[in-house]
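Residues per chain, in single letters:
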Amino acid sequence: MEKIKKLSKYQGFWPVIVLLAILLINGIVSGGSFFEIKIVDAHLYGRLIDILRNGSKLMLLATGMTFVLATGGTDISVGSVMAISGAIACSIVDGRILPGAGQNVQVAILLALLGGMLCGAWNGFLVSKIKIQPIVATMILMVAGRGIAQLITDGKIVTVTSDSYYFINGGYILGLPFPLFIVLFVVVLVLLFTKKTAFGLFLESTGCNPVSSHFAGINVNNIKWLVYTFCGVTAAVAGLIESAGIKGADCNNAGLFMELDAILAVAIGGTSLNGGRFSVPASLAGALIIQSITTSVYAMGIAPEITAVVKAVIVICICLFQSPEFKEKMGKRFSGHQQERMAKPV
Amino acid sequence: MSESVKTRKKFRIRNMSLLVTVLLFIGLFTAGSAAYDRFFSLSTFCNLLNDGSYMIIASIGITFVLLTGGIDISISSTIAFTCVFSAFLLRTGFAAGVVIPLVLLIGLLFGALMGFMIDAYKLQPFIVTLAGQFFMRGLCAVISTESIPITDDFYKKMALNKIIFAGAKIYYYVFIAAVVLIGAMFVLKYTRFGRTVYAVGGNELSASLMGLPVRKTKIMVYSISGFCAALAGVVFSFYTLAGYSLQNVGMEMDAISSAVIGGTLLTGGVGTVIGTTVGVMIQGVIQTIVTYQNLNTWWTKVFSAALLCLFIVIQRILAGRSEKIKDVRGKLEKTA
Amino acid sequence: MSSENMLIQMEHISKSFPGVAALDDVSLELKSGEIHALLGENGAGKSTLIKVLTGVEERDGGSVLLEGVPVFPKSPQDAQKLGISTVYQEVNLCPNLSVAENIYIGREPKKRGSIDWKKINQDSRTLLDRFNLNIDVTKNLDFYSVAVQQMVAIARAVDISAKVLILDEPTSSLSSVEVEKLFEVMHMLKAQGMGILFVTHFLDQVYAVSDTITVLRNGRYVGTYAAAELPKMQLVGKMLGKEYAELDLSSEKEELIGGERECLLEMKQACGPGTISNIDLKIYKGEVLGISGLLGSGRSEIVRLIFGIDHLEQGEISLNSQKLAGKGPLPAIRCGVAFCPENRKTEGIIGDLSIRENIILALQAKKGMLRAISRADAERIADKYIKMLEIKTPSQEQRAKNLSGGNQQKVILARWLATDPQLLMLDEPTRGIDVGTKAEIQKIIVGLAEQGMTVVFISSEIDEMLRCCSRMIVLRDRKKVGELSGKEIAESAVMSLIAGGVKNGENKEAV
């Protein structure tokens, strides 16, 4: 009991519990088939594996978005950045642009990541140097991004035929899908960076109180710039996985609405949209919650679009629980104890 | 002694940016006319109105919200929902006279609900309207994921009836947009509510200290935005004669861009609906030029984004001058 | 008591916020046709008293009578309906609306259902004429200077209800000509029988217009005096917490050897953006330098300039004969400067971070992001300062916002001590904290100086300044007006400098 109490103090505790609950309900409803994992050709298959594989893009985006939200900002351009990165990579692999690179997959990936980084840096520039509100600043790229992607692909849906490119989404290592390893790599890198340097501390400090942080000698602007740039890179990686999955670049639909899912994932993970304390693992759990809701809605044979309604309701509930005004009103109506319990999942 | 009054010379954003917007429109139209045969005609101009009328209505609605310093990104979904739901009801056999008031009422109430959440629980407008966007889009899909054609006679009449003036066609629904525009101009200029919208955007704290009904106003603007979105949806269903759950995805960004290009400050307090209308037409001209040039339509997006960026940066630079005052004010509000 | 022209009687007002008693048994009376100055330093309770009167805050106890009738305003609008209007230093009007509209918004004259703009513009012209203000009322408010904006705000307030007008620091950002104009208007309104409550920090202005003066200190009522009968020196004494009669009780300072000490920091002809002008200043190693002066005199601005928060417009600041870059706090921190800002909540503490994180923050910033302080080191450092400064907390993992004000202040102090600074600047470090902790912090400051640290100390309380400082400079109206060291540091000397010459009324410097 003591241990559980201690565990529940972690930000990731409630998201993980919710995730397990959703999985459990699915398991019961499906009569256990939900948890089945088959091994075919030494590759693991099953619903759970699907959730992990399909959720990998969202997990990556949520990682980058966690940092952005921790500064109290938002990045609504990640979907467009995904389209750009997919467009760059596919066009190079296809030989449409940079024929000199010889359709080299590594070069394609590298340049796609660089493209994402530039997009992120642009957002960061507008937010930290020009001081435009984050929503507005990233809206510019959100609007323009798909156009830029189309520019790169010349307005066509580029299809690629490269097994090594497909591997990014469809490959397996040790029986597990390759995208999982990408997520693992990025997350480990991120955790190392936040724990082994003072970045995590500076970031939380900036999000909690930018003025105090500035007075304590933290370069708030550079932190913001860095964070948006990183968010661009994660979006680019997610874009690569997406385009490898559909074996081409579809500039109109790649990453559509993903920015909203990413923000939602971080919010479910308990990072306040006003900035401050953050937890990357909690956001990952949030991403998996969204993915498993999507997957289970599919599995139950309901129209997948309804997930949008479910998500909307979840977003509003989370925001209400984070709102002091709401807590106060509820507190007046119910006893204090209940209020505490309601506030906890946040 | 009144001569000694020191006046601070300041750039008057209000009139200047409307002028810039109109000049931009004329410039683009002239450029188009110079570059392409048959571009310069009344019918090109009227087609801008025909194609843009639903957009004008929706953008005017969102301008109210932007004027208070808020944001509403749910409108495209509300439009889609209106189309799908009306198409569904009409197919079930309801009369147009029932359907249209009903969907308008839904839009109004939905906007009011979002406004209430934003106001009462101090939630971020962006997040609430984002959820609203999800919700409406989801409801569309619940009704139907297929495109539902509309065969109602009244809708057909509205879709096809037009007046022809000097060889140019003007469809009836353009007049709906015109009525909305005139109505909005009147409300913003000549009613207490309209002026309060500006006051709230100028300085919310001051507005409430001056005894203005800030909370009511904030709920009202989101209701208006919802209503206009629903009305735009009705016009759009005249225009397309169908309801499809995925139509107009991302349109709210176009509406916001139109308002910004039309001189609305995203920080609130400055902007006109006439400017917004011209903003919509500018995007229309860009689209027309892109079509004439035989470029893909995505160029439109790139151009409007570039314009948007330009306008925002200019606004930012102008705002930078009064930054100091605002900083202090912000600090005071925080400590209060 | 209840004479006929009594407008407002506030009696035994008390109001407390969590942890602080902002007002404790405060009384105030305002007659019609009277200009009543309300004075007091930071945290004296002036603004809380005004907030209670205007309905922004609800009082906990006491009564407010308006013309003999008990009133209980619940909002500024409520108060306005009763006839109590307020004009703040930060003009609370809408900059994006026209002057005329700002006067009439919310109560616009209408013609056939729509706003009658012609009448609005005409009426406001007529109204402003009464104030000798002849301006284009159709221009946006932010087209005009702050002085005009303020006049418009007063016009609006007076036009809505003309019984009581509260002016909350109206002159802080006005030029002397503009102040004169404001005073004319005040006299005019007074002649019309209005009661005016006037809050300001400029003593000369108090004597220039007020009939009566009420002084508050630390949330308590000190007294009400007729302006003509209260010498400026005594007024300063009352504001700062010492009666004139009991001056110079306890100031036996040893004379320090002047001139030969090593200079740590030098400021030459420094000017900030509208804050201080042409200040020369030397800070010597190992001293506690007090910067004294009333609020708004430029005392905070000097340290903000040194720390690189405000931009240096003119002049030069050098530390150890090397020029300070002045671009943000980080270069200053790297040079060994530390600064506890005046506003603990918004500029100092980071409430959602733990005490440990708060303490190592500046040290970490000084070392740079990549050279992280290990968890073990951080805990050791935090532990050291928690013990050293006796911060009362169950654990160093406690979030800083859960601490009391005094302990939060100690955390910020620890943050800066951890960076091992050469120069420690403290702006009102004891404001709003309990007496016991106050004494502790004073002890710490003196102790640090004894160990060789140089300290700059700013406080509104003259007592603690006298107790801690070995040298003191005095500011008035953003200029340096005096420098005292050793035995010269005595309340009478400081106060006469602050008050601007012993004889009052003579001093008519520009604001």
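Model, not experiment: these values are computed from the prediction.

(A) Examining the overall build of chain C more closely. Regarding its fold elements, chain C presents 17 helices and 22 strands. Its C-alpha atoms give chain C a radius of gyration of 25 Å, within 12% of the compact-globule value 24 Å for 511 residues. Taking the principal axes of the C-alpha coordinates as reference, chain C spans close to 75 × 50 × 45 Å. Counting the 511 residues in chain C, one finds 51% classified as buried. The long-range fraction of contacts in chain C, counting pairs at least 24 apart against all pairs at least 6 apart in sequence, stands at 68%.

(B) Quick look at the overall build of chain A. A tally of helices and strands in chain A yields 16 helices and 6 strands. Counting only residues that meet the buried cut, chain A has 53% of its 346 residues in that class. Sequence separation of at least 24 residues holds for 76% of the intrachain contacts in chain A that already meet a minimum separation of 6.

(C) Seen up close, the pairing of strand β22 (residues 479–485) of chain C. Residues and elements named next belong to chain C. The sheet contact formed by strand β21 (residues 471–476) and β22 spans 6 bridges and is antiparallel. Looking at the pairing, Ile473 lines up with Glu483 of β22. What sits between β21 and β22 in their antiparallel hairpin is a turn of 2 residues, with Asp477 showing a positive phi close to 50°.

(D) Representation of the domain arrangement of chain A within the structure. All names here are of chain A. The domain boundaries assigned to chain A delineate domain 1 (42–301) and domain 2 (308–346). Each of domain 1 and domain 2 was reduced to a C-alpha centroid, and the two centroids are 29 Å apart. Taken together, the contact pairs 6 residues of domain 1 with 7 residues of domain 2. Its residues assigned to classes, the side of domain 1 that touches domain 2 shows 4 nonpolar, 2 polar and no charged.

(E) Representation of the pairing of strand β1 (residues 37–40) of chain A. Judged from the 4 bridges that link them, β1(A) and strand β2 (residues 43–46) of chain A form a sheet pairing that is antiparallel. Bridge assignment links Val40(A) to a residue of β2(A), and that residue is His43(A).

(F) Quick look at the packing of helix α9 (residues 199–208) of chain A against helix α11 (residues 220–245) of chain A. All names here are of chain A. The interhelical angle for the contact between α9 and α11, taken along N-to-C directions, is 110°, at an axis separation of 10 Å. Taken together, the axes of α9 and α11 lie roughly perpendicular to each other. Here α9 contributes Phe202, Leu203 and Thr206 to the contact with α11, which in turn contributes Val220, Ile223 and Val227. Looking at the contact of α9 with α11 residue by residue, the classes come out as 5 nonpolar, 1 polar and no charged.

(G) How the structure looks around the UniProt feature "transmembrane region" (unreviewed entry) in chain A. Residues and elements named next belong to chain A. Per the UniProt record, "transmembrane region" (unreviewed entry) is found at residues 12–37, 105–127, 134–152, 172–193, 278–300 and 306–323. As a span, residues 12–37 carries 65% helix and 4% strand, and end to end its C-alpha atoms are 26 Å apart. A distance of 33 Å separates the end C-alpha atoms of residues 105–127, which is 100% helix and 0% strand.

(H) Representation of the sheet that holds strand β14 (residues 279–284) of chain C within the structure. Read from one edge to the other, the open sheet built from 4 strands follows the order β14-β13-β16-β17 (chain C), with strand pairing classed as antiparallel. The sheet is open, and its two edges are formed by β14 and β17 (322–323) of chain C, each paired on a single side.

(I) Main features of the interface of chain B and chain A. The interface is formed by 35 residues belonging to chain B together with 34 residues belonging to chain A. Only α5 (125–143), α11 (251–261) and α13 (298–321) of chain B provide two or more residues apiece to the side of chain B that touches chain A. With 12 residues, the single largest contributor to the side of chain B that touches chain A is α13(B).

(J) Focus on the confidence of the model for chain C. All names here are of chain C. Predicted confidence across chain C gives a mean pLDDT of 82, with 91% of residues reaching 70 or more. In the model, residues 244–259 has pLDDT below 50 throughout and makes 23 contacts with residues more than four positions away in sequence or in other chains. This stretch, residues 502–511, has a pLDDT under 50; its non-local contacts, to residues over four places away or in other chains, come to 21 contacts.

(K) Region of interest: helix α12 (residues 273–292) of chain B. Over its 20 residues, α12(B) extends 29 Å from the first C-alpha to the last, a length consistent with the 28 Å expected when each residue adds 1.5 Å. Directly beyond the C-terminal end of α12(B), a positive phi value near 60° is found at Asn294(B).

(L) Examining the nonpolar core more closely. In terms of nonpolar packing, the biggest core is built from 377 residues, with Ile57(B), Ala58(B) and Phe457(C) touching the most fellow members. Top contributing element to this core by residue count: helix α10 (residues 214–240) of chain B, with 15 residues. Built from parts of two domains, this core gets at least three residues from each of domain 1 (42–301) and domain 2 (308–346) of chain A. The contacts of Phe457(C), once residues within four sequence positions are left out, are Val288(C), Leu289(C), Gly290(C), Leu426(C), Ile445(C), Met465(C), Cys468(C) and Cys469(C).

(M) Region of the structure containing the environment of Val142(B). Of note, Val142(B) is situated in helix α5. As for Val142(B) and Ser245(B), which are separated by 103 residues in sequence, their C-alpha atoms are 9.2 Å apart. The contact partners of Val142(B), leaving out residues within four places of it in the chain, are Ala303(A) and Ile306(A).

(N) Just the sheet that holds strand β19 (residues 423–427) of chain C, in detail. Residue and element names in this part refer to chain C. Ordered by their spatial adjacency, 6 strands build an open sheet running β18-β19-β20-β15-β21-β22, and the pairing between neighbours is mixed. Every other strand in the sheet has two partners, leaving β18 (337–340) and β22 as the edge strands with one partner each. Pairs of neighbouring strands in the sheet enclose a mean axial angle of 15°, with direction left out of account. Direction of pairing for strand β15 (residues 288–292) relative to β21: parallel, over a ladder of 4 bridges.

(O) Up close: the environment of Lys31(C). Looking at the secondary structure, you find Lys31(C) in strand β2 (residues 20–31). Beyond its immediate chain neighbours, meaning those up to four positions away, Lys31(C) contacts Asn5(C), Met6(C), Leu7(C) and Gly195(C).

(P) Main features of the packing of helix α4 (residues 96–120) of chain B against α5(B). Residue and element names in this part refer to chain B. α5 packs onto α4 with a crossing angle of 145° between their chain directions and a minimal axis gap of 9 Å. The interaxial crossing formed by α4 with α5 has right-handed handedness. Between α4 and α5, the residues in contact are Phe110, Met114, Met117 and Ile118 and Pro125, Val128, Thr129 and Gly132, respectively. Split into classes, the residues belonging to the contact of α4 with α5 amount to 6 nonpolar, 2 polar and no charged.

(Q) Local environment of the confidence of the model for chain A. Residue and element names in this part refer to chain A. Averaged over chain A, the pLDDT score is 84; the fraction of residues at 70 or greater is 94%. Model confidence for chain A, summarised as mean pLDDT per element, is weakest for helix α16 (residues 336–343) at 40 and strongest for α11 at 94. Taken together, the stretch residues 335–346 has pLDDT below 50 and engages in 16 contacts with residues farther than four places along the chain or on a different chain.

(R) Region of the structure containing helix α13 (residues 280–299) of chain A. Residue and element names in this part refer to chain A. Helix length check: α13 (20 residues) gives 28 Å between terminal C-alpha atoms against 28 Å at 1.5 Å per residue, within 8%. Taking burial as the measure, the 20 residues of α13 include 15 buried ones, the bulk of the element. Taken from the residues just after α13, Gly301 is the one with a positive phi, measuring 75°.

(S) Structural context of unusual backbone geometry. Residue and element names in this part refer to chain C. In this model, Asp25 sits at a positive phi of 55°, which is unusual for a non-glycine residue. Structurally, Asp25 is set in strand β2. We classify Asp25 as partly exposed; it has 14 C-beta atoms within 10 Å. Positive phi values are uncommon outside glycine, yet Glu390 reaches one of about 55°. With respect to the secondary-structure elements, Glu390 resides in the loop between α13 (375–388) and α14 (405–417). Owing to 12 C-beta atoms within 10 Å, Glu390 belongs among the exposed residues under this scheme.

(T) Quick look at the environment of Val209(C). In this structure, Val209(C) sits in helix α7 (residues 203–209). With 291 residues separating them along the chain, Val209(C) and Gly500(C) place their C-alpha atoms 18 Å apart.

Rules of the game
Residues numbered from 1 in each chain as written. Chains lettered and ligands numbered in written order. Predicted model: local features only at pLDDT ≥ 70, side-chain atom pairs only at ≥ 80, totals over all residues. Helix = DSSP H or I, 4+ residues; strand = E, 2+ residues; numbered from the N terminus. Rg over C-alpha atoms; globule rule 2.2 N^0.38 Å. Buried ≥ 20, exposed ≤ 12 C-beta atoms within 10 Å, placed from the backbone. Contact = placed C-beta atoms within 7 Å. Pairing = 2+ DSSP bridges. Domains from an automatic or database assignment. Nonpolar A, V, L, I, M, F, W, Y, C, P; charged D, E, K, R; others polar. Axes fitted to C-alpha atoms, helices over the stretch in contact; angles between N-to-C directions. Parallel < 35°, antiparallel > 145°, perpendicular 65-115°, else oblique. UniProt positions renumbered as here; feature names shortened; annotations may be inferred. pLDDT = per-residue confidence, 0-100. Expected span 1.5 Å × (residues − 1). Core = buried A, V, L, I, M, F, W, Y, C linked by C-beta atoms within 7 Å. Left-handed = near helix turned anticlockwise from the far one by under 90°.

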